[in-house]
Amino acid sequence: MATIAAVATPASAPAIERIDWAMNGVNVEIPSWGFVNTGTRFRVFPQQGVPRSVFEKIDDAATVNRYTGIAGSVSLHIPWDKVDDYAGLAAYAGERGLRIGGINSNTFQDEDYKLGSICNPDARVRAKAVDAIIECCEIAGAMNAQAVKVWLGDGTNYPGQDDLRWRHRRLVEGLTEAYAALPAGVRMYLEYKLYEPALYATDVQDWGQSLNVVRQLGDRAGVCVDTGHHAMGVNIEQIVALLLAEGRLAAFDLNDKKYGDDDLMVGSIDPYQLFRIAHELVNAMRDETDPVAQACANGTVYMLDQCHNIEPKVPAMIRSVMNLQETIAKALLVDRDALLAAQAAGDVLEPNRCLQDAFSTDVRPLLSELRVARGLPADPYRAYLDSGEEPAKYAARVGGTAASW
């Protein structure tokens, strides 16, 4: 990711200069599974024009990038996106202006994983799960991908069902073996989740557990923060700040929620929370007194993780990219000099006013101007809807088997 240091400007600079990084520095990673048929526990809802192959998923991701200009990476999920020729698939993405970001492992759907994957009491199942993650490492090498991302559905439903310390030991042992298979330059992201599907104890349940494990793995392991994987009222921006301070914030799975892990469009429910998170990132990028946090913030990956059950996929993805971009632009408008001065003076109210002023700014006209200067549509969402591409895609993708959960 481009560093913000090169474009950091004083508070007196024109606003359009101060938000330039939101147009020319940010890169959003689009998940291949964001375009498939999805649903609730009760039903998967089919839609028109859904991709029938990983190649069509990449086509849709490329469409999002073509309209927004800041979504140049696509993440894949194994085995959902398995092909015979991964180098060829990476070349296909490259021809469409995309690079391969993360390779996501799946160790939660097989019957064998009913009692967990790498934390399972059965050594055979643990070995199978580790092999699945190692396969993702090999695919990452073949595709020149950026990372291997691990989320585990491991946990227990009842007290006494399994030994919790032993499960933690198996977790570290299994991930240590998989970590050793990472190709040079590839990172490992460990995601956490408070609950689901485990109802009593989840083996990687929060950011502290994830941080504890990645520290044991090595320098190329970091924490992935899914903005929907927390209890109600949790201060996510504080978690982000602490992970930045430790140099272990690796990536985001960005979405929004009202109650649980809802996977709604980014910034659609609580845009001010998204702004507070963006402020911690931008603040760290500008902090030359903390090189660890600064480097960590500049290397953080912004991946969307959404579940479009009933809304059309590509327009919803474009909306999320735009919402994130607008929020980062607002964070770039925070008058950091005034903020630091007020904090140093022990002022309780003035620092909050600095944030509120930036959040209340309508940055859409400025971003539209920057987009037009780059040859992009001023309003990517409206431009896509008016282009006729969506109904044309419906007509072109008739027949075959739509990708789904």
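Scroll up a little and you will see the structure.
Description of the structure in this document.

Cut-offs applied
- Residues numbered from 1 in each chain as written.
- Predicted model: local features only at pLDDT ≥ 70, side-chain atom pairs only at ≥ 80, totals over all residues.
- Heavy atoms only, no water.
- Salt bridge = Lys/Arg side-chain N within 4 Å of Asp/Glu carboxyl O.
- Helix = DSSP H or I, 4+ residues; strand = E, 2+ residues; numbered from the N terminus.
- Buried < 20%, exposed > 50% of the residue type's maximum accessible area, 1.4 Å probe, protein only.
- 1 Å grid on protein atoms, 1.4 Å probe; cavity = no way out; pocket = protein on both sides within 12 Å on 5 of 7 lines; lining within 4 Å.
- Points joined across faces, edges and corners; volume = space filled by probe spheres on them.
- Nonpolar A, V, L, I, M, F, W, Y, C, P; charged D, E, K, R; others polar.
- Expected span 1.5 Å × (residues − 1).
- Phe/Tyr/Trp six-rings, centres within 6.5 Å; stacked < 30°, edge-to-face > 60°.
- Lys NZ or Arg CZ within 6 Å of the ring centre and 35° of its normal.
- Axes fitted to C-alpha atoms, helices over the stretch in contact; angles between N-to-C directions.
- Parallel < 35°, antiparallel > 145°, perpendicular 65-115°, else oblique.
- Contact = heavy atoms within 4.5 Å.
- Polar contact = N/O pair within 3.5 Å; in protein donor to acceptor, adjacent residues only side chain to side chain.
- Pairing = 2+ DSSP bridges.
- Right-handed = clockwise from strand over helix to strand, strands pointing away.

1. Details of the pattern of salt bridges
On inspection of all chains with the given rule, the structure shows 26 salt bridges. Between Asp-253 and Lys-149 there is a salt bridge, and its shortest N-O distance comes to 3.0 Å. Here the residue Asp-253 occupies a position in strand 11 (residues 249–254), and Lys-149 occupies one in strand 6 (residues 147–150), the gap between them amounting to 104 residues. There is no split in this pair, since Asp-253 and Lys-149 are both buried. Its salt-bridge partner being Arg-353, residue Glu-350 comes within 2.4 Å of it at the nearest N-O pair.

2. Digging into the layout of surface pockets
When its volume is computed, the largest pocket comes out at roughly 1100 Å³. Along the lines of polarity and charge, the residues of the lining of the largest pocket split into eleven nonpolar, ten polar and eleven charged. In this structure, the second largest pocket spans a volume of roughly 370 Å³. Breaking the lining of the second largest pocket down by element, the ones donating at least two residues are helix 11 (313–332) and helix 14 (364–373). In terms of residues, the lining of the second largest pocket owes the most to one element, helix 11, which gives six residues. Residues that form the lining of the second largest pocket fall into these classes: six nonpolar, five polar and seven charged.

3. Here we look at helix 3 (residues 54–68)
Each turn of an α-helix holds 3.6 residues, which means side chains three or four residues apart point in the same direction. Over its 15 residues, helix 3 runs 21 Å from end to end, which matches the ideal 21 Å to within 8%, given 1.5 Å per residue. All buried positions along helix 3 are accounted for by Val-54, Glu-56, Lys-57, Ile-58, Asp-60, Ala-61, Ala-62, Thr-63, Val-64, Asn-65, Tyr-67 and Thr-68. With its phi angle positive at about 80°, Gly-69 sits one or two positions after the end of helix 3.

4. Digging into the packing of aromatic side chains
Tallied over the entire structure, the rule returns seven aromatic pairs. Between the aromatic rings of Tyr-272 and Phe-275, the centroid separation amounts to 5.8 Å while the plane-to-plane angle is 15°, which identifies the pairing as stacked. You can see Tyr-272 and its partner Phe-275 sitting in helix 9 (residues 271–285), three residues apart, about one turn around the helix. Of the residues examined, Phe-275 reaches a relative accessible area of 0% and is grouped as buried. Lying across the ring of Tyr-381, Arg-319 places its NZ or CZ 5.4 Å from the centre.

5. Examining the packing of helix 8 (residues 236–246) against helix 10 (residues 291–298)
Two elements in contact, helix 8 and helix 10, have axes whose closest approach is 7 Å; the angle formed by their N-to-C orientations is 115°. Our classification of the angle between helix 8 and helix 10 gives roughly perpendicular. When helix 8 is examined against helix 10, the residues Leu-243, Leu-244, Ala-245 and Glu-246 are found in contact with a partner set consisting of Val-292, Ala-293, Cys-296 and Ala-297. Of the residues assigned to the contact of helix 8 with helix 10, the class counts are seven nonpolar, no polar and one charged.

6. Concerning the environment of Asn-27
Take Asn-27: it is sitting in the loop between helix 2 (20–24) and strand 1 (28–31). With a relative accessible area of 26%, Asn-27 lands in the partly exposed category. Counting along the chain gives 299 residues from Asn-27 to Glu-326, while the straight-line C-alpha distance between them is 13 Å. For Asn-27, the side chain forms a polar contact with the main-chain nitrogen of Gly-72, separated by 2.8 Å. Looking at Asn-27, its side chain comes within polar contact range of the side chain of Ser-73, at 2.8 Å.

7. Let's talk about unusual backbone geometry
Here the residue pair Ile-78 and Pro-79 is connected by a cis peptide bond, since its omega of 20° sits within 30 degrees of zero. Summarising the element assignment, Pro-79 is placed in the loop between strand 4 (73–78) and helix 4 (86–95). Here the bond from Glu-196 into Pro-197 is cis, since omega is 5°, no more than 30 degrees from zero. Even without being glycine, Glu-196 reaches a positive phi, approximately 70°. Counting through the fold element by element, Glu-196 comes out in the loop between strand 8 (187–191) and strand 9 (201–202). Looking at Glu-196, the relative accessible area reads 36%, which means it is partly exposed.

8. Re the pairing of strand 5 (residues 99–105)
Of all seven residues in strand 5, six are buried, a share of seventy percent or more. Relative to strand 5, strand 4 is paired through five bridges, and the arrangement is parallel. Note that in strand 5 the partner of His-77 across the bridge is Asn-104. Tracing the backbone out of strand 5, into helix 5 (residues 123–143) and back to the parallel element strand 6 gives a crossover that is right-handed.

Everything listed here is a matter of coordinates, which is why it stays silent on function.
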